[in-house]
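Single-letter residue listing:
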Amino acid sequence: FFCLRIRRPPRSTQGVSSAASDVYKRQQLDSKTYQIKDWAVNCISLSDYFLTNHNYAQAEYCILSAMAVLPTDPSKRKKLRNTIALQLGKYYAQRLANGIQRMQMNTSIESLGSLNSEATR
């Protein structure tokens, strides 16, 4: 949730509480006071939502955002790393399955919204 809210451009109709929330989230990122697990789990959840809607660029961005907050030492946060790796595998499997469907049906990427994904079943 944080990664997308922070990156979006400010709106002129934005409410005071929403603007304050954005400032708070930016402060968390700048000071590195966010919870790594919460950040990664939120990114994975968003990635899953985007995969369901065949929005692969945003899904990949969320997975990479989750990976970016992990410590550089691979021996730390092993369970969280495995969860992110599982989501990355799901992402690749679904892209491959939809690519095969498009090739077999000779359809464009714009028509993916109407296709049922076999990878998520």
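For the structure, see preceding data.
Read on for a plain summary of the structure. Note that the structure is a prediction, hence the values are computed from the model and not measured. (Residues numbered from 1 in each chain as written. Predicted model: local features only at pLDDT ≥ 70, side-chain atom pairs only at ≥ 80, totals over all residues. Heavy atoms only, no water.)

### Points about the environment of Gln35
For clarity, the cut-off: Here a helix means four or more residues in a row that DSSP labels H or I, a strand means two or more in a row labelled E, and each is numbered from the N terminus.
Mapped onto the elements, Gln35 comes out in the loop between helix H2 (16-31) and helix H3 (36-52). Remark: the alpha-carbon pair of Gln35 and Val69, spanning 34 residues in sequence, is separated by 9.4 Å.

### Focus: the pattern of salt bridges
Stated precisely, the cut-off is as follows: What counts as a salt bridge is simple: a side-chain nitrogen of Lys or Arg found within 4 Å of a carboxyl oxygen of Asp or Glu. Burial status follows relative accessibility: with a 1.4 Å probe on protein chains alone, a residue under 20% of its type maximum counts as buried, one over 50% as exposed, and anything between as partly exposed.
In total, this model carries one salt bridge according to the counting rule given. Notably, a salt bridge pairs Asp48 with Lys90, separated by 2.5 Å at the nearest N-O pair. Note that Asp48 is positioned in helix H3 and Lys90 in helix H5 (residues 78-105), a separation of 42 residues in sequence. Here Asp48 falls in the partly exposed class, since its relative accessible area comes to 28%. Exposure remark for Lys90: the relative accessible area of 29% places this residue in the partly exposed category.

### Remarks on the packing of aromatic side chains
Just so we agree on the cut-off: Think of it this way: a Phe, Tyr or Trp ring, Trp meaning its six-membered ring, pairs with another when their centres are within 6.5 Å, and the plane angle makes it stacked under 30 degrees, edge-to-face over 60, tilted otherwise.
A full pass over the atoms with the stated rule returns three aromatic pairs. For the ring pair Tyr91 and Tyr92, a centre distance of 5.2 Å and an interplane angle of 55 degrees mean the geometry is tilted. Joined through ring pairs, the aromatic side chains of Tyr56, Tyr91 and Tyr92 make up one cluster.

### Quick notes on the nonpolar core
Most often, soluble globular proteins keep nonpolar side chains buried together rather than apart. So the rule is basically this: As used in this record, nonpolar core signifies buried Ala, Val, Leu, Ile, Met, Phe, Trp, Tyr and Cys residues forming a set joined through side-chain atoms within 4.5 Å. Should any heavy atoms of two residues lie within 4.5 Å, those residues are considered in contact.
Counting residues in hydrophobic clusters, the biggest one holds 19 residues, and the most contacted among them are Ile36, Leu80, Ile84 and Tyr91. With eight residues, the single largest contributor to this core is H3. Ignoring anything within four residues of it in the chain, the contact list for Ile84 reads Ala40, Ile44, Ile63, Ala66, Met67 and Leu70.

### Focus: the environment of Asn98
The residue Asn98 is located in helix H5 in this model. Put simply, Asn98 and His54 are 44 residues apart on the chain and 8.7 Å apart in space, counted from C-alpha to C-alpha.

### Digging into H5
Two residues of an α-helix separated by three or four positions point the same way, owing to the 3.6 residues in each turn. Note the following rule: How far a helix is expected to stretch is found by multiplying one less than its residue total by 1.5 Å.
Compared with an ideal rise of 1.5 Å per residue, which puts 28 residues at 40 Å, H5 spans 40 Å between its outermost C-alpha atoms and is within 8% of the ideal. Along H5, the positions that sit buried rather than exposed are Leu80, Ile84, Gln87, Tyr91, Gln94, Ala97, Asn98 and Gln101. Contact partners of the buried residues in H5: H3 and helix H4 (56-68). Immediately downstream of H5, the backbone of Asn106 shows phi near 55 degrees, a positive value.

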